[in-house]
Amino acid sequence: MATNVILIFVIVVGVILVGTGLYVYLRNRSMEEIRADVYHLFLVAEHTFTESGSGKQKMEWVISKARGLLPGWLQTFVTDEVILRIIQGWFTAVKDLLDDGKYNNSAK
């Protein structure tokens, strides 16, 4: 019973520390700045990997570089899958703005 209480305490303290650290990181860097850095990575990937069918390679490169933009302690807690979901959402929105607008209903 005591080990369960200790485990719960450790988990709660861990969540509080990660949450506080994430808050401080996001307070110091706005989401717009982070998004701009990732968009820049997309542009670099486009110019670096020019061969046909290299989309997956580009995305993997962007994810690895985006991970490097995070503070070291946060890299431990954020998985590549989480980064992929966030970046894929941003990529889809930007591509849609340049494409037909069906994703965000901007097509008239």
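In what follows, the accompanying structure is described. (Residues numbered from 1 in each chain as written. Predicted model: local features only at pLDDT ≥ 70, side-chain atom pairs only at ≥ 80, totals over all residues. Heavy atoms only, no water.)

A look at the overall build of the protein chain
1) Next: Assigned secondary structure in the protein chain consists of five helices and zero strands.
2) Next: Listing the helices and strands of the protein chain from first to last along the sequence gives α-α-α-α-α.
3) Next: A buried classification covers 21% of the 108 residues belonging to the protein chain.
4) Next: A sequence separation of at least 24 residues applies to 44% of the contacts in the protein chain between residues at least 6 apart. (Helix = DSSP H or I, 4+ residues; strand = E, 2+ residues; numbered from the N terminus. Buried < 20%, exposed > 50% of the residue type's maximum accessible area, 1.4 Å probe, protein only. Contact = heavy atoms within 4.5 Å.)

Brief notes about the side chain of Arg67
1) Next: Within the secondary structure, Arg67 sits in helix α3 (residues 55-69).
2) Next: Among the polar contacts made by the side chain of Arg67, one reaches the main-chain carbonyl oxygen of Gln75 at a distance of 2.7 Å.
3) Next: Discounting chain neighbours no more than four positions away, the residues touching Arg67 are Gln75, Val78, Thr79, Asp80 and Ile83. (Polar contact = N/O pair within 3.5 Å; in protein donor to acceptor, adjacent residues only side chain to side chain.)

Concerning a nonpolar patch on the surface
1) Next: Together, Ile6, Phe9, Val10, Val13 and Leu17 make up an exposed nonpolar region whose accessible area comes to about 500 Å².
2) Next: Of note, Leu17 is situated in helix α1 (residues 2-28).
3) Next: Residue Leu17 is classed as exposed on the basis of its relative accessible area, which comes to 59%. (Patch = residues over 30% accessible without salt bridge, like charges linked within 9 Å, V, L, I, M, F, W, Y side chains within 5 Å. Areas by Shrake-Rupley, 256 points an atom, 1.4 Å probe, with all protein chains shown as cover. Salt bridge = Lys/Arg side-chain N within 4 Å of Asp/Glu carboxyl O.)

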